[in-house]
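Inside the fold
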Amino acid sequence: MAQQLTLVAKLRQRVEEQGESPAFIFRSPHDGRYVLSWNRLYRLAGRFAAVLNSRGLGRGHLVVNTLVNSPERVVCEAGIWLSGAASVSGHCQMADGSDLLHTLRLSRASALLVDPDVSNSPWNVLTKYVSVGEDDSVTSSDLTDLKKLFFIRRVDGGGPKDFISHLEDQNGWFQADDITPEDNLTVFTTSGTTGLSKLVVYSHNDFIRPMESLYEGRATGRKFEIVYKTTLLGWISGYVGASAAVCHTTVICDVRAAGSPKDMPQFIWKAIKEESCDTAIITPMYLPRLVEIAGQRHENSSASRDLQVSRDRKLNYIFLLGLPINRTIMRASLSLAHVAIISYGATDCSYITRNAVTDSETYVDHDAGPPVEGISVKIVSQDDEETPLPVNQTGHILVKGSKGNLGYLNEPTLKTDDYLTKDGFFRTQDAGRLDERGHLIVDGRGNDAIMKGVVIFYPTLMESHIQACPGVRDVIVTGIPDDFINEEICACVVLDSDSVTLEEVRRFVEKRVVRSENSQTSPLPRYYLEFQSLPMTSTGKAKRKVIKAQAAERLKGRSMKTPLY
């Protein structure tokens, strides 16, 4: 039974039971469609595992995966499971590659997967730091642990340089013996107070147990088989392993095919309908446009019978993960699905609560539901972490039992006492309360972090980039309330003189960040506001809450779709 708590065992089970059924369906903006069946995924993953094994990679090794959402990413992740190694989610948003270099150094990864041909490829940065020899070997005076580099390419028409075509032509196959639930599966990156990521290790068991609790919504009797996802395959909420862990087909945009669609909501809606998806994990930023598209379809239906058919074709479930959910988001969600599933959690400690909602009018803002089985939650004051606060009193959220090993990989400045209380509860850094039903009401971050959609940003790194712009005297980066993504990013800037404008500051900063327009993961401020001076405390520290309130007041009523200079 324990053996089933590995993704390798789960994948084999899906192959035996599902065979040629789709595990992943990739859609491209130009109506392309690529299907990975369970059989094909297992075969290709085993062949990639053989490649890793032949290069000396397996148990105890970490492999940084920088690939975008694509069939190649899925095959590589599954191949890493079978090899016995563990993946690390690698992101490169800063133009100088500082964030990816930080992850490589901190993880001490042995290998790196990179696509050198995509736009803004991390390889453009890494060429300055590594030399590649024969047999994918790497030498680097800066990244001394990195020994192997794999170019994962896609070539039109296939051929030996095309990653998947090359695997199809191979005969080798490998699977590590006796992979256990306690073996490391993957390392997720999570926001750090410095702006650079911390690394959170997940075992197979750490990932599978909470995933099964989260997706138990099928107990309502509604179908849950084909899931559209807007999330990244390297995030915990979109991770490749979810399909195998809880048995569903994942439908997702193949970003490698042609980048992100210009009208992503239109693309999502078309894919959901054409693939007959019954469930979706939707980032709330897309909801207003999705509701508009669905409404247009209803208005264009001439007969009442057609309207009824459209209502019957609503999704069975829509999952809303990460940020506090308000009634505005809930109304939009339930216009698209019969049931909205809310889950509160964090990459640091996995999923904590679950709430299945069917009525938006009785929904209480930010109600994340009760803790899932095996999880304890308590609300405490900042001064007394041992004594829980009374019902409906807001304080800091502490959790226990959510994950086997709480902590961060290779963080020399962090001690266990920094994130765990004396009685073993994890400090989430969030504020909230437990109501009389035992439901957790989450108010948001209890510190200076910005919750933009499902991503948490700390302002320090972006402030340092803005501060480096000539003519900028001071800056505070803060969050501005938004109905659908919780907060937008706003830079409150004090300029030295008329020698620089806010537009010039914006352009200066954008050169330092790999820009992805409207990306939910982009740390770029949408707003820049000029201040004559920033409110300060008597000790010379910026009054961030006051600045945030002043910025929100100045931006009140403005559209979040257009930047303000």
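Since we're looking at a predicted model, the values are computed, not measured.

What follows is about the pattern of salt bridges. Scanning all chains against the criterion turns up 30 salt bridges. Across the pair Glu17 and Arg14 runs a salt bridge, and its minimum N-O distance is 3.9 Å. Taken together, the residues Glu17 and Arg14, both in helix 1 (residues 7-18) and 3 residues apart, mark about one turn of the helix. Note on Glu17: relative accessible area 52%, which makes it exposed. Two residues, Lys403 and Asp206, come together in a salt bridge whose shortest N-O distance is 3.9 Å. In this pair, Lys403 sits in the loop between strand 20 (395-400) and helix 14 (416-419) while Asp206 sits in helix 7 (residues 204-214), placing the two residues 197 residues apart along the sequence. Like Lys403, the residue Asp206 is buried in the burial classification.

So, on to the packing of aromatic side chains. In this description, a pair of aromatic rings is defined by centroid distance and the angle of the planes. The final tally for this structure, using the stated rule, is 12 aromatic pairs. On the numbers, 6.4 Å between centres and 85° between planes, the contact of Phe224 with Tyr317 is edge-to-face. Of this pair, Phe224 sits in the loop between helix 7 and strand 11 (226-229) while Tyr317 is found in strand 14 (residues 315-321), placing the two residues 93 residues apart along the sequence. Of the two residues, Phe224 and Tyr317, both sit in the buried class. Summarising the aromatic geometry, the rings of Tyr408 and Tyr419 are spaced 5.3 Å apart at their centres and angled 80° between planes, so their arrangement reads as edge-to-face. Linking Tyr408 in the loop between strand 20 and helix 14 with Tyr419 in helix 14, this pair joins segments that are 11 residues apart in sequence. What makes Tyr408 buried here is its relative accessible area of 14%. One aromatic cluster is present, built from ring pairs that chain together Phe188, Tyr202, Phe207 and Tyr239. A cation over a ring is seen here: Lys403 above Tyr202, with NZ or CZ 4.7 Å from the ring centre.

Moving on: the sheet that holds strand 11. What the 8 strands build is an open sheet, ordered 2-1-12-11-13-14-15-18; its pairing is mixed. Looking at the sheet topology across the chains shown, the edges are occupied by strand 2 (33-37) and strand 18 (355-357). Ignoring which end each strand starts from, the neighbouring axes of this sheet average 20° apart. Most of the contacts of helix 3 (residues 71-83) go to strand 2, to which it runs at about 15°, and overall it touches strand 1 (22-27) and strand 2.

Regarding helix 16 (residues 502-510), the residues found buried are Leu502, Val505, Arg506 and Val509. Buried residues in helix 16, looked at end-on, bunch into an arc of 100°, giving them a common side. For helix 16, the elements touching its buried residues are helix 15 (459-467), strand 25 (472-482), strand 26 (486-495) and strand 27 (527-530).

Where helix 1 meets helix 7, the closest approach of the two axes is 10 Å, and the angle between their N-to-C directions is 55°. Accordingly, the angle class assigned to the pair helix 1 and helix 7 is oblique. Together, Leu7, Val8 and Lys10 of helix 1 and His204, Phe207, Ile208 and Glu212 of helix 7 make up the contact between the two elements. Among the residues forming the contact of helix 1 with helix 7, the class breakdown is 4 nonpolar, 1 polar and 2 charged.

The next point concerns the confidence of the model for the chain. Looking at the chain as a whole, its pLDDT mean stands at 87, while 91% of the residues score no less than 70. The secondary structure element of the chain with the lowest average pLDDT is helix 12 (residues 304-312), at 42, and the one with the highest is helix 3, at 98. A low-confidence stretch, residues 298-309 (pLDDT under 50), is modelled with 5 contacts involving residues beyond four sequence positions or located in other chains. Taken as a whole, residues 559-565 scores under 50 in pLDDT and shows 23 contacts with residues more than four places along the chain or in a different chain.

Rules used throughout
- Residues numbered from 1 in each chain as written.
- Predicted model: local features only at pLDDT ≥ 70, side-chain atom pairs only at ≥ 80, totals over all residues.
- Heavy atoms only, no water.
- Salt bridge = Lys/Arg side-chain N within 4 Å of Asp/Glu carboxyl O.
- Helix = DSSP H or I, 4+ residues; strand = E, 2+ residues; numbered from the N terminus.
- Buried < 20%, exposed > 50% of the residue type's maximum accessible area, 1.4 Å probe, protein only.
- Phe/Tyr/Trp six-rings, centres within 6.5 Å; stacked < 30°, edge-to-face > 60°.
- Lys NZ or Arg CZ within 6 Å of the ring centre and 35° of its normal.
- Pairing = 2+ DSSP bridges.
- Axes fitted to C-alpha atoms, helices over the stretch in contact; angles between N-to-C directions.
- Contact = heavy atoms within 4.5 Å.
- Arc of directions from axis to C-beta.
- Parallel < 35°, antiparallel > 145°, perpendicular 65-115°, else oblique.
- Nonpolar A, V, L, I, M, F, W, Y, C, P; charged D, E, K, R; others polar.
- pLDDT = per-residue confidence, 0-100.

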